[in-house]
Amino acid sequence: MHVTIKDVAKLAGVSPSTVSRVIADNPKISDATKKNVYKAMEELNYHPNAIARSLANKSTKILGLILPSTEEDIFKNPFFIQVMTGVSHYAQKNGYYILYTYGTSEEEELDHIKKLMFSRWVDGIILTTIRKDDKCIQYLKDKKYPFVVVGKPENTDGILWVDNDNFHAMYTVVNQMIQKGHRKIGFIGGPHILNVTMNRLDGYIRALENSGIQVDEKLIMRKEFTEEGGYEAMKNILAYDHPSAVVTTDDLIAFGALKAIREEGIDDISVIGFNNTPLAAYQHPTLSSVDINAEKLGSFAARLLIKHLEKRDDGINSYIIDTKLVERESTEKKK
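Report on the accompanying structure. Remember, it's a predicted structure, so these values are computed and weren't measured experimentally.

The helix and strand inventory of the protein stands at 13 helices and twelve strands. Over its C-alpha trace the protein gives a radius of gyration of 25 Å, far above what one expects of a compact globule, namely 20 Å for 335 residues. C-alpha extents for the protein along the principal axes are approximately 85 × 40 × 30 Å. The buried share among the 335 residues of the protein stands at 47%. Considering only residue pairs separated by 6 or more positions, the protein has 67% of its internal contacts joining residues 24 or more positions apart. Of the roughly 17,500 Å² of accessible surface on the protein, a fraction of 50% belongs to carbon and sulfur atoms.

Our next topic: the side chain of Arg131. Here Arg131 lies in the loop between β3 (124-127) and α8 (135-142). Arg131 gets classed as buried once you look at its relative accessible area, which sits at 9%. If we ignore the near neighbours within four places in the chain, the residues touching Arg131 are Ser105, Glu106, Glu109, Glu154, Ile193, Leu194 and Asn195.

Turning to the nonpolar core, a few remarks are in order. Residues Ile126, Val162, Val174, Ile185, Tyr204 and Val247 are the most contacted members of the largest nonpolar core, which totals 46 residues. Counting residues per element, this core draws most heavily on helix α13 (residues 294-309), at eight residues. Excluding anything up to four places from it in sequence, Tyr204 contacts Met170, Val174, Ile185, Gly186, Phe187, Ile220 and Val247. Listed in part, the 20 residues of the second largest apolar core include Leu238, Leu252, Ile269 and Ala280.

Right, let's talk about the environment of Asp7 for a bit. One can find Asp7 in helix α1 (residues 5-12). Owing to a relative accessible area of 32%, Asp7 belongs among the partly exposed residues under this scheme. Residues Asp7 and Val150, spaced 143 residues apart in sequence, show a C-alpha to C-alpha distance of 47 Å. When residues no more than four places from it in sequence are discounted, the contact partners of Asp7 are His2 and Leu44.

Another aspect to go through is unusual backbone geometry. Following His284, the chain continues to Pro285 via a peptide bond in cis, the omega torsion being -5°. Positionally, Pro285 belongs in the loop between β9 (270-274) and β10 (288-291). The backbone phi angle of Lys144 is positive, close to 55°, even though this residue is not glycine. Mapped onto the secondary structure, Lys144 falls in the loop between α8 and β4 (147-150). Judged by its relative accessible area of 73%, Lys144 is exposed. A positive phi angle is found at Asn293, which is not glycine, with a value near 55°. Looking at the secondary structure, you find Asn293 in the loop between β10 and α13.

With parallel pairing, six strands are arranged side by side in an open sheet as β2-β1-β3-β4-β5-β11. Sheet topology places β2 (97-103) and β11 (318-320) at the edges, where each strand pairs with a single neighbour. Mean inter-strand twist for the sheet, computed between neighbouring axes without regard to direction, equals 15°. Two elements, β4 and strand β5 (residues 160-163), share three bridges in a ladder whose sense is parallel. From the neighbouring strand, Val150 faces β5, where its bridge partner is Val162. The strands that helix α7 (residues 106-119) touches are β1 (62-68), β2 and β3; relative to β2, the one it contacts most, it runs at about 145°.

Now for the pattern of salt bridges. Tallied over the entire structure, the rule returns twelve salt bridges. Two residues, Glu109 and Arg131, come together in a salt bridge whose shortest N-O distance is 2.9 Å. Highlighted residues: Glu109 in helix α7 and Arg131 in the loop between β3 and α8, separated in sequence by 22 residues. The salt bridge involving Glu154 is made with Lys132; its shortest N-O contact spans 3.8 Å. With Glu154 in the loop between β4 and β5 and Lys132 in the loop between β3 and α8, this pair connects stretches of sequence that are 22 residues apart. Glu154 sits in the partly exposed class, given a relative accessible area of 48%. Here the salt bridges do not stand alone but share partners, grouping Lys61, Glu310 and Arg312 into one network.

Thresholds, definitions, all that
Residues numbered from 1 in each chain as written. Predicted model: local features only at pLDDT ≥ 70, side-chain atom pairs only at ≥ 80, totals over all residues. Heavy atoms only, no water. Helix = DSSP H or I, 4+ residues; strand = E, 2+ residues; numbered from the N terminus. Rg over C-alpha atoms; globule rule 2.2 N^0.38 Å. Buried < 20%, exposed > 50% of the residue type's maximum accessible area, 1.4 Å probe, protein only. Contact = heavy atoms within 4.5 Å. Areas by Shrake-Rupley, 256 points an atom, 1.4 Å probe, with all protein chains shown as cover. Core = buried A, V, L, I, M, F, W, Y, C linked by side-chain atoms within 4.5 Å. Pairing = 2+ DSSP bridges. Axes fitted to C-alpha atoms, helices over the stretch in contact; angles between N-to-C directions. Salt bridge = Lys/Arg side-chain N within 4 Å of Asp/Glu carboxyl O.

Put into structure tokens, the structure is as follows:
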């Protein structure tokens, strides 16, 4: 037989409204009454209806996490796993759950956002990808719906966001390569419509220009954030020239580049990845990579959104997370 809140109230000797207040952890209810009600709930094996409570409180305690690409591709890229881990850890510590969904295009992501909003399943949304003239960001902003972005939007007014300084991170890496004597440096990035690609490309170009090195457009490739994309891009670069170093915007891209280089029997090209995913240390050679603290990106994104939802805003709308280059065998000087 289904146990109701009235059954709990009868056993505890209180009114149904008192039981509801105990479930909501109302501070006006005494500890003795709470203890009595909890005991009755345990005896009757009564579990509050979370959906009903959320409707009453106008809060689900659930955050929607929007991920790019297909389900299979998401779990191929450790970056998203690390961001999800950071989001989940912080959310769980603060009594929130995560509902994640993914889309293979900007339009599909926007469709998912609309469904989450109108279904009232989530209190707020976390975006993990930013595109040029991003429709998802504009829609959420227009609707004044709570959201946070992992990445820096083109226009940050009124938007919560967390990111690395991608321009400076790539500028620093390329400058380090130049100081080591490299002059012919290739670049392999993700799709040009992604802000992260353009910011890192700008850093690459500025570092070359500031050192008086002419930018060679044929050494610049943009592919998908996949190992296959990196492999194809590196093959194209090698068909044109033999650079002494190649910087990439993602470890998966770098993995593909290393594979192409190995196939050609070349051992004098330094390769640098981005994200410092766990697999970087297991490549052959082990991959030097920029650690962007992906888990921290996710954690601080959840932190910003939850503070906003709970009306604990402190005037901070963004965080810049530090990066550092972790050097391994792929950038060691060849004897």
